[in-house]
Amino acid sequence: MKRKVATHDNLKLTIKQEGNKFIIKESCRFRNIDVVFELGVNFDYTLADGTELNGTWSLEGNKLIAKFKRVDNGKELIDIWEISGSELIQTYIYEGVEAKRFFKKE
């Protein structure tokens, strides 16, 4: 059921950088939140499905890379954001499975 809901979330992202601090506004049909983090500083985050994560973001070249651990089972989730042309490509890697989302600039 969560996957069916996620396919219709119409997620919009607004990303702002202030030095090492990032502010990401996530807006969709189901929730609107601001995610604020600093590069290299540990923080907690909850996915839309309620999954709790803890980890850090780093900037490697033109990629923002997050390495999170799930609070419930300790398994690693990697989240990579990369700008390519007018698209933001988001890649999730979890238990050897890779999933991509593509966002178009408005």
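Predicted model, so just to flag it, every value in this text is computed and none were measured.

A. Inspection of the overall build of the chain at higher detail. Counting secondary structure elements, the chain contains one helix and nine strands. N-terminal to C-terminal, the α/β element order of the chain is α-β-β-β-β-β-β-β-β-β. Against the globule reference of 13 Å for 106 residues, the chain gives a C-alpha radius of gyration of 14 Å, in line with a compact fold. Projecting the C-alpha coordinates of the chain onto the three principal axes gives extents of approximately 40 × 35 × 25 Å. Taken across its 106 residues, the chain has 29% of its residues classed as buried.

B. Structural detail: the confidence of the model for the chain. On average, the chain scores 88 in pLDDT, and the residues at 70 or more come to 92%. Mean pLDDT across the secondary structure elements of the chain bottoms out at helix 1 (residues 2–6), with 50, and peaks at strand 6 (residues 63–70), with 96.

C. Representation of the packing of aromatic side chains. Counted according to the given criterion, the structure contains seven aromatic pairs. Both rings, one in Phe 22 and one in Phe 37, keep their centres 5.4 Å apart while their planes meet at 10°; by these two values the pair is stacked. You can see Phe 22 sitting in strand 2 (residues 21–27) and its partner Phe 37 sitting in strand 3 (residues 32–38), a full 15 residues away along the chain. Neither Phe 22 nor Phe 37 differs from the other in exposure class; each is buried. Relative to Phe 68, the ring of Trp 57 has its centre 6.1 Å away and its plane inclined at 85°; by these criteria the two rings are edge-to-face. In this pair, Trp 57 is assigned in strand 5 (residues 52–60) and Phe 68 in strand 6, connecting sequence segments eleven residues apart. Judged by relative accessible area, which is 5%, Trp 57 ranks as buried. With a relative accessible area of 3%, Phe 68 lands in the buried category. Among the aromatic residues, those joined into a ring-pair cluster are Phe 22, Phe 37, Phe 43, Tyr 45, Trp 57, Phe 68 and Trp 81.

D. Representation of the environment of Leu 53. Looking at the secondary structure, you find Leu 53 in strand 5. Excluding residues within four positions of it along the chain, Leu 53 makes contact with Phe 43, Asp 44, Tyr 45, Leu 47, Phe 68, Lys 69, Arg 70, Val 71 and Leu 77.

E. Region of interest: the nonpolar core. Core analysis: the biggest nonpolar cluster contains 19 residues, and Phe 37, Phe 43, Trp 57 and Phe 68 have the highest contact counts within it. At the level of secondary structure, the elements contributing two or more residues to this core comprise strand 2, strand 3, strand 4 (43–46), strand 5, strand 6, strand 7 (76–84) and strand 8 (87–94). Ignoring any residue separated from it by four or fewer positions in sequence, one finds Phe 37 in contact with Asn 20, Lys 21, Phe 22, Ile 24, Phe 43 and Trp 57.

F. Seen up close, the pairing of strand 9 (residues 97–104). In terms of strand pairing, strand 8 meets strand 9 through eight bridges, oriented antiparallel. Residue pairing in the sheet places Gln 90 in a bridge with Arg 101 of strand 9. Connecting the antiparallel pair strand 8 and strand 9 is a turn made up of two residues, with Glu 95 showing a positive phi of about 50°.

Conventions used here
Residues numbered from 1 in each chain as written. Predicted model: local features only at pLDDT ≥ 70, side-chain atom pairs only at ≥ 80, totals over all residues. Heavy atoms only, no water. Helix = DSSP H or I, 4+ residues; strand = E, 2+ residues; numbered from the N terminus. Rg over C-alpha atoms; globule rule 2.2 N^0.38 Å. Buried < 20%, exposed > 50% of the residue type's maximum accessible area, 1.4 Å probe, protein only. pLDDT = per-residue confidence, 0-100. Phe/Tyr/Trp six-rings, centres within 6.5 Å; stacked < 30°, edge-to-face > 60°. Contact = heavy atoms within 4.5 Å. Core = buried A, V, L, I, M, F, W, Y, C linked by side-chain atoms within 4.5 Å. Pairing = 2+ DSSP bridges.

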